[in-house]
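Spelled out from the first residue to the last, the chains are:
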Amino acid sequence: MKRVGSLVGTILATIVNGAQVILNAYAMVVVFTFLSAASTGTELDAPLAVMTLGIYVILELFLIVAFILTCVNFGHVFGSPEKYAQKKGVTIASIVFNFLVMLMLIIAVFSGGAISNIIITLLCALALLATNILYIVDLSLENKRVARLNAQKEQIASSTNEEPKA
């Protein structure tokens, strides 16, 4: 059964979450560098740097979970209705983690930074919002798709069971 919306959403979220995992890891390295500069006597607000690093670590964990859940969705996007229903919890968990990551990215925008970083972060948040909308639409349409598929199966079964007319 085709679930094109979920496939597009899964591809989009995989790209965004994967890119954000890499960008966030790079940002953590930069914060580590600042912390090491603080230990060499350079003036730096160490508690602020530690708090920032903590926020990056939490965001990284959420990003990794969202990335893994999104990748798992590839396995059942075009599966049978039974398999899709069985894995509905993974899709819902993916939606929740994508919303959490999106919220964290929007909060990160308000912390400032270069305009290019703000634009990229907002685009990633919008892409995750689009992904979640596609997932939710496909989840809500699934019952209608299954009913239509069952009706087609019944129609085929009834047409093959009819007696040929003489």
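Our subject is the structure listed above.
Throughout what follows, the structure given in this document is the object of discussion. (Residues numbered from 1 in each chain as written. Predicted model: local features only at pLDDT ≥ 70, side-chain atom pairs only at ≥ 80, totals over all residues. Heavy atoms only, no water.)

## Considering the overall build of the chain
Secondary structure summary: the chain contains five helices and zero strands in total. Starting at the N terminus, the α and β elements of the chain follow one another as α-α-α-α-α. Per-residue burial over the chain gives 31% buried out of 166 residues. Taking the intrachain contacts of the chain between residues at least 6 apart in sequence as the baseline, contacts between residues at least 24 apart amount to 79%. As displayed, the chain offers around 10,200 Å² of accessible surface, 72% of which is attributable to carbon and sulfur atoms. (Helix = DSSP H or I, 4+ residues; strand = E, 2+ residues; numbered from the N terminus. Buried < 20%, exposed > 50% of the residue type's maximum accessible area, 1.4 Å probe, protein only. Contact = heavy atoms within 4.5 Å. Areas by Shrake-Rupley, 256 points an atom, 1.4 Å probe, with all protein chains shown as cover.)

## Quick word on the pattern of salt bridges
Considering all chains together, one arrives at three salt bridges under this definition. One salt bridge in this structure joins glutamate 142 and arginine 3, with 3.0 Å as the shortest N-O distance. In this pair, glutamate 142 is assigned in helix H5 (residues 115-161) and arginine 3 in the segment before helix H1 (4-39), connecting sequence segments 139 residues apart. When sorted by exposure, glutamate 142 lands in the same class as arginine 3, which is buried. Since its relative accessible area comes to 7%, glutamate 142 is described here as buried. (Salt bridge = Lys/Arg side-chain N within 4 Å of Asp/Glu carboxyl O.)

## A short note on the nonpolar core
Formed by 13 residues in total, the largest nonpolar core has its most connected members in Val16, Leu63, Val101, Leu105 and Leu128. Breaking this core down by element, the ones donating at least two residues are H1, helix H2 (46-73), helix H4 (88-110) and H5. Among the elements that make up this core, the one with the highest residue count is H5 (four residues). Discounting residues that sit within four places of it in the chain, leucine 105 has contacts with Gln20, Thr121, Cys124, Ala125 and Leu128. (Core = buried A, V, L, I, M, F, W, Y, C linked by side-chain atoms within 4.5 Å.)

## A few points about the packing of aromatic side chains
By the definition in use, this model includes one aromatic pair. Ring plane angle 40° and centroid distance 5.7 Å describe the contact between phenylalanine 62 and phenylalanine 97, whose orientation is recorded as tilted. Residue phenylalanine 62 is found in helix H2, and its partner phenylalanine 97 is found in helix H4; the two are separated by 35 residues along the sequence. You can call phenylalanine 62 partly exposed: its relative accessible area is 22%. Judged by relative accessible area, which is 22%, phenylalanine 97 ranks as partly exposed. (Phe/Tyr/Trp six-rings, centres within 6.5 Å; stacked < 30°, edge-to-face > 60°.)

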